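What follows is the residue order along each chain.
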Amino acid sequence: NYTADLPPNAWIESYELAMEMLDVNDVVCAKYFTMMLDGPARTWLKGLPANSIDSWAGLKACFV
């Protein structure tokens, strides 16, 4: 899980490698991502305006 003390770029790179190994698409990456956040990172995600992100690339860009 991601916690605020980890560098976002390094964590997202590891996350994407894991998702690639599972051979999942971007929709699954985005959905599972929400379950991988703890603490302030989860609060940040829940605070985003509804429908403000429409792709995995967009979510990743906001996160890092």
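All figures in this text were calculated on a predicted structure; none of them were measured in a lab. (Residues numbered from 1 in each chain as written. Predicted model: local features only at pLDDT ≥ 70, side-chain atom pairs only at ≥ 80, totals over all residues. Heavy atoms only, no water.)

## Details of the packing of aromatic side chains
Each aromatic ring pair is specified by the distance between its two centres and by the angle formed by the two planes.
Point 1. A full pass over the atoms with the stated rule returns 11 aromatic pairs.
Point 2. Of the aromatic side chains, those joined through ring pairs into one cluster are Tyr2, Trp11, Tyr15, Tyr32, Phe33, Trp44, Trp56 and Phe63. (Phe/Tyr/Trp six-rings, centres within 6.5 Å; stacked < 30°, edge-to-face > 60°.)

## A few points about the environment of Tyr32
Point 1. Examined against the element boundaries, Tyr32 turns out to sit in helix H2 (residues 26–35).
Point 2. Judged by relative accessible area, Tyr32 falls into the partly exposed class, the value being 33%.
Point 3. In this structure, Tyr32 is in contact with Tyr15 and Met19, ignoring residues within four places of it in sequence. (Helix = DSSP H or I, 4+ residues; strand = E, 2+ residues; numbered from the N terminus. Buried < 20%, exposed > 50% of the residue type's maximum accessible area, 1.4 Å probe, protein only. Contact = heavy atoms within 4.5 Å.)

## Structural notes on the environment of Val64
Point 1. Looking at the secondary structure, you find Val64 in the segment after helix H4 (56–63).
Point 2. According to the relative accessible area criterion, Val64 is partly exposed, its value standing at 48%.
Point 3. Linking Val64 and Asn25, residues 39 residues apart in sequence, is a C-alpha distance of 20 Å.
Point 4. In this view, Val64 contacts Pro8, Asn9 and Ile12; residues no more than four positions away in its chain are not counted.

## Observations regarding the confidence of the model for the protein chain
Caution applies to low-pLDDT regions: their predicted coordinates should not be interpreted in detail.
Point 1. Summarising the model, the protein chain shows a mean pLDDT of 92, and 100% of its residues fall at 70 or more.
Point 2. When mean pLDDT is taken per element in the protein chain, helix H1 (residues 8–21) scores highest with 94 and helix H3 (residues 39–46) scores lowest with 90. (pLDDT = per-residue confidence, 0-100.)

## Some details on H1
Point 1. Between the first and last C-alpha of H1 there are 20 Å, a value that for 14 residues agrees with the 20 Å anticipated at 1.5 Å per step.
Point 2. Within the sequence span of H1, burial applies to Trp11, Ile12, Tyr15 and Met19. Taken down its axis, H1 places every buried residue within 95° of arc, on the same side. Turned more than 90 degrees off the buried face of H1, the exposed positions are Asn9, Glu13, Glu20 and Met21.
Point 3. Contact partners of the buried residues in H1: H2 and H4.
Point 4. Residue Asp23 follows H1 closely and has a positive phi angle near 60°. (Expected span 1.5 Å × (residues − 1). Arc of directions from axis to C-beta.)

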